[in-house]
Amino acid sequence: MKQSAPAMVTVKVNRVCAPGWRGIPERVDYAAGVGSQPLLPSARLDLCDAPCILRNVRATLTLATDHIGKGCDRDTYGVRSQRKLCGASRDSVDLLPTPGPTTSWTATLRDEGREADEIFEFDGVDSAAIVPNDVLEHSLAQKFTIGVWVKHRPRPRQDPHVKEHILCAADDHKMNRHHYALFIRNCRLILLLRRDFSEGDPNIFRAAEWRWKLSQVCDDKWHHYAIQVDFPRVNLYVDGEEWHADEKNPEVIDDWPLHPAKGVNTTLVVGACWQGSENKTKHHFRGYLAGLSVLVGRNEKPEVLSCLRRCQEGIHVPPMDLLQPGTQLLTNSDMTEVRIDGDNRTNVETLLRRIGYSNTRRFPTPGRRNFRLDTTIVCEGSENTPLPVPTVQSYVTVLPPPRPGITVNGTGYVAREYADFRLGVRVFPDARVTAGSAARLDACAVSVYPSLNPDHESLGLPGDALLAFHDISARVDRDGVVLSGADSPYNYQQLIRLIMYTNRKPAYYLDRVFKLTCSELSGRFASNEYVQTLAVIHPKEKTTVLPHTTPGEPPIARIVEPAPGHAQLSPHHADLTEEYATAALREGSRTINGTGSSHAVTIVAAACIGFLLLMAVVGAARVRGAAKRRRSAGDELAAETEMAWDDSALAITVNPMDRLTEHDQHHQSQRDEDVDDSGSSDSEDGSFRDDDLDSSDCENDCDLSNGRHRRQNSPHDLEWDHRDV
């Protein structure tokens, strides 16, 4: 057997490798105020020496913010403040305000918002809000704007013909005519606008219903819809951008005008529609609504609608000068998704490393934001079978921001005269409101307890005070003053110093205490509680010298009682009528206080003391007499007990032969009793007790002769009767 020559064989063992991204961080921390934070600073694409001639690389980075507020982190001012910040019309009517004393129709709804989002949940069964008639004129003009935040939650296997009303105005009784409505049906957003019989020719059709087929309606995400109507032109804005209509979308339906109906009004409902014939709501909405507003008589500017929708957080894209030929970068309107397409892997990696997360809010909502990187690689010759690259996931953690320091201070104690209070006193003459340089307060509240007496107390602002502060509105009642609206601390400070307190009856008070607090982001950050005291300076009365009769005696100074305000028990409020006023009592007492007033007091005091001593002596004598009577009564009872008849050994024997004699004696004694009875009947008292007393005076033999008769009546007749002893 022949043996071949040895040959060198080299075996190369490749590492276990799969194409994908390397250097992806597990977590990215973000702090407020740092600007843009890179998400993938060390990312690189590893193809693991795959036999691939690269033709195209597509990397898509998606940031998830749906769980934050209404789809992303926006300015958490109230709806009214947001409109002012974006320059919206002041005439817009908010139909979903924060529940309060004057906005009670939303109190039954469940508020799911955080901070000032004011998000209301509708369960699709019975949740609805009936808007009072004085909030909005039910008949819309030819020109108006409706805006609303909507997160629709469609039911599984829902009937496509079911209506879910966002806003509806219908007949209040008898009939079920819908005058105008905004509702969802079969994943379409529909606007109904019926013409009244008095508008134009009733025999002519005109457009009455617009149906937009939108994918956003049923995706269970937050979207902002705004409908601009300048009849017959109708435009829809979705998430701040105008929807471009085509021939089939929207579908426009014509209809007759409404027929006249006498004595029938309308009922405006949010989240359902009123059925007048059944006297209840139907067609309930299922999902969440926020910021529903109606502007009648004009249209909002497109830039205002875009501002209301603008997010304060999102993806920060790299500068465009980094793009090389053959590479493009695309983003969505929310800046939550960015896509990079190119044939140069190095340039794609460079652009991806420069992508960052930014949040321009001064106080961003802390929490977690997930992001995902999807990659598609296409090689030469295998366009239909792209190289698989696993999806990469990570998240951004927004750290809690430091709490801002909002401070309110000033001179806490101010004293004024009667005349000043009657003319009006500034409650906070030198109040100082300080916060950060970029802070924007949205509310300051002045409270007073107990509440003001409207009969003679009032709080207010000068008539032209609010003209200089367009972004601040004021509400004044007996409990205090509430200033609201996003504005600088300096403007709030200037307006607070103008608050006036008037009291037409200052003599009834010692002082009045007011409390002032300011807040930012609808109460998320609040200032200290500043207490201001307004004291009443009561006039001092002069001491009067009483005339003295004896030349050697010094003059006596009469002590004047305190001024009316100091005589009250309550330091805040007392409402006394004139007949009970302290001043009237003082005037009436002047005739009593004379030269001999001190002598009269001494005489009265001596008489009272003498009377008390006399009563004490009489009481002691009565107590001793009662004790003696009790002791004598006890001695008499003991003597009577010793004189009682002892019949324990008494035995009476009766001779049977004496029965006849006894019978005769019995008749004789009965006649004697009759004579006694007739005699006693002629007496003045007519009492049977006298008979008993007379019979008790018999001798012992009388008792023995009648013993048998007495023993039958009572077993105690033989006992000695000591009542007359």
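Rules used throughout
- Residues numbered from 1 in each chain as written.
- Predicted model: local features only at pLDDT ≥ 70, side-chain atom pairs only at ≥ 80, totals over all residues.
- Heavy atoms only, no water.
- Core = buried A, V, L, I, M, F, W, Y, C linked by side-chain atoms within 4.5 Å.
- Buried < 20%, exposed > 50% of the residue type's maximum accessible area, 1.4 Å probe, protein only.
- Helix = DSSP H or I, 4+ residues; strand = E, 2+ residues; numbered from the N terminus.
- Contact = heavy atoms within 4.5 Å.
- Pairing = 2+ DSSP bridges.
- Axes fitted to C-alpha atoms, helices over the stretch in contact; angles between N-to-C directions.
- pLDDT = per-residue confidence, 0-100.
- Polar contact = N/O pair within 3.5 Å; in protein donor to acceptor, adjacent residues only side chain to side chain.
- Phe/Tyr/Trp six-rings, centres within 6.5 Å; stacked < 30°, edge-to-face > 60°.
- UniProt positions renumbered as here; feature names shortened; annotations may be inferred.
- Salt bridge = Lys/Arg side-chain N within 4 Å of Asp/Glu carboxyl O.

Chemist: It is not clear to me how the nonpolar core should be interpreted in this structure. Could you clarify?
Modeler: The nonpolar side chains of soluble globular proteins are, as a tendency, buried together. One finds L95, I166, L189, V270 and L289 to be the most contacted residues of the largest nonpolar core, which totals 41 residues. With 4 residues, strand β10 (residues 143-152) is the single largest residue contributor to this core. What I166 contacts, discounting residues up to four positions off in sequence, is V148, V150, L182, F183, I184, L189, V269, V270, G271, F285, L289 and L292. Listed in part, the 39 residues of the second largest apolar core include V427, L452, L483 and L498.

Chemist: Got a minute to help me understand the sheet that holds strand β14 (residues 206-213) in this structure?
Modeler: Either a parallel or an antiparallel arrangement is found when strands of a sheet pair, and the pairing is made through backbone hydrogen bonds. With respect to topology, 7 strands assemble into an open sheet ordered β9-β19-β11-β12-β13-β14-β18, the strand pairing being antiparallel. In this open sheet, the two edge strands, each paired with only one partner strand, are β9 (129-131) and β18 (251-255). Along the sheet, successive strands turn relative to each other by an average axial angle of 20°, direction set aside. Relative to strand β19 (residues 266-270), β9 runs antiparallel, the two sharing 3 bridges.

Chemist: Explain the confidence of the model for the protein to me, please; I cannot follow it from the model alone.
Modeler: Close inspection of predicted coordinates is inappropriate in any region flagged by low pLDDT. Residues with a pLDDT of 70 or more make up 75% of the protein, whose mean pLDDT is 78. Low pLDDT, under 50, characterises residues 639-646; the predicted model gives this stretch 7 contacts beyond four residues in sequence or across chains.

Chemist: Help me out: how do you make sense of the environment of P250 in this one?
Modeler: Considering the arrangement of structural elements, one finds P250 in the loop between β17 (241-242) and β18. With 61 residues separating them in the primary sequence, P250 and L189 have C-alpha atoms 9.3 Å apart. Residues contacting P250, with those up to four places away along its chain left out, are R211, W212 and A245.

Chemist: Help me understand the pairing of strand β15 (residues 223-230), please; the structure alone is not making it clear to me.
Modeler: Remember that side chains alternate between the two faces of the sheet whenever the strand is regular. Counting buried residues in β15 gives 7 out of 8 residues, a clear majority hidden from the surface. Hairpin connection of β15 to strand β16 (residues 233-238): 2 residues between the antiparallel strands.

Chemist: How should the side chain of E313 be read in this particular structure?
Modeler: Considering the arrangement of structural elements, one finds E313 in strand β23 (residues 313-316). The buried category is assigned to E313, whose relative accessible area is 3%. Only 2.4 Å separates the side chain of E313 from the side chain of Y357, close enough to count as a polar contact. For E313, the side chain forms a polar contact with the side chain of R369, separated by 3.0 Å. Excluding its chain neighbours within four sequence positions, the residues that come into contact with E313 are T65, I68, C72, D73, D334, Y357, S358, N359 and R369.

Chemist: What exactly am I supposed to notice about the packing of aromatic side chains here?
Modeler: Aromatic rings in a pair are described by how distant their centres are and how their planes are angled relative to each other. All told, the structure shown has 8 aromatic pairs when counted by the stated rule. Consider the rings of W222 and Y288, whose centres lie 6.4 Å apart with planes at 45°: the pair is tilted. Linking W222 in the loop between β14 and β15 with Y288 in strand β22 (residues 286-296), this pair joins segments that are 66 residues apart in sequence. With a relative accessible area of 8%, W222 lands in the buried category.

Chemist: What is the right way to look at the sheet that holds strand β32 (residues 425-426) in this model?
Modeler: As summarised here, the arrangement of the 3 strands in space is β32-β38-β35, forming an open sheet in which the pairing is antiparallel. Both edges of this open sheet fall to β32 and β35 (457-460), since each of them pairs with a single strand only. Looking at chain direction, β32 and strand β38 (residues 500-503) are connected through 2 bridges and run antiparallel. Across the sheet, residue R426 finds its bridge partner in β38, namely M500.

Chemist: Explanation requested: the UniProt feature "transmembrane region" (unreviewed entry) in the protein in the structure shown.
Modeler: UniProt's feature table lists "transmembrane region" (unreviewed entry) at residues 600-621, given in the numbering used throughout. In residues 600-621, the share of helix is 100% and the share of strand is 0%. The end C-alpha atoms are 32 Å apart.

Chemist: Help me out: how do you make sense of the pattern of salt bridges in this one?
Modeler: In a structure, side chains of opposite charge can pair up when their charged atoms sit close to one another. This model, assessed by the stated rule, comprises 20 salt bridges. Among the salt bridges present, the one from R233 reaches D230, with a minimum N-O distance of 3.7 Å. Residue classification places D230 among the partly exposed residues on the basis of a relative accessible area of 27%. As a salt-bridge pair, R339 and D341 come within 3.4 Å of each other at their nearest N and O atoms. The exposure class of R339 is partly exposed, given its relative accessible area of 27%.

Chemist: Would you explain the pairing of strand β27 (residues 367-379) in this entry?
Modeler: Relative to β27, strand β5 (residues 54-63) runs antiparallel, the two sharing 9 bridges. Its bridge partner lying in β27, V57 is registered against I377. Pairing of β27 with strand β29 (residues 392-398) involves 7 bridges; the strand directions are antiparallel. Residue pairing in the sheet places R369 in a bridge with V396 of β29. The sheet contact formed by β27 and strand β28 (residues 382-387) spans 2 bridges and is antiparallel. Its bridge partner lying in β28, I377 is registered against L387. Counted between consecutive antiparallel strands, the loop separating β27 from β28 contains 2 residues, among which G381 sits at a positive phi close to 85°.

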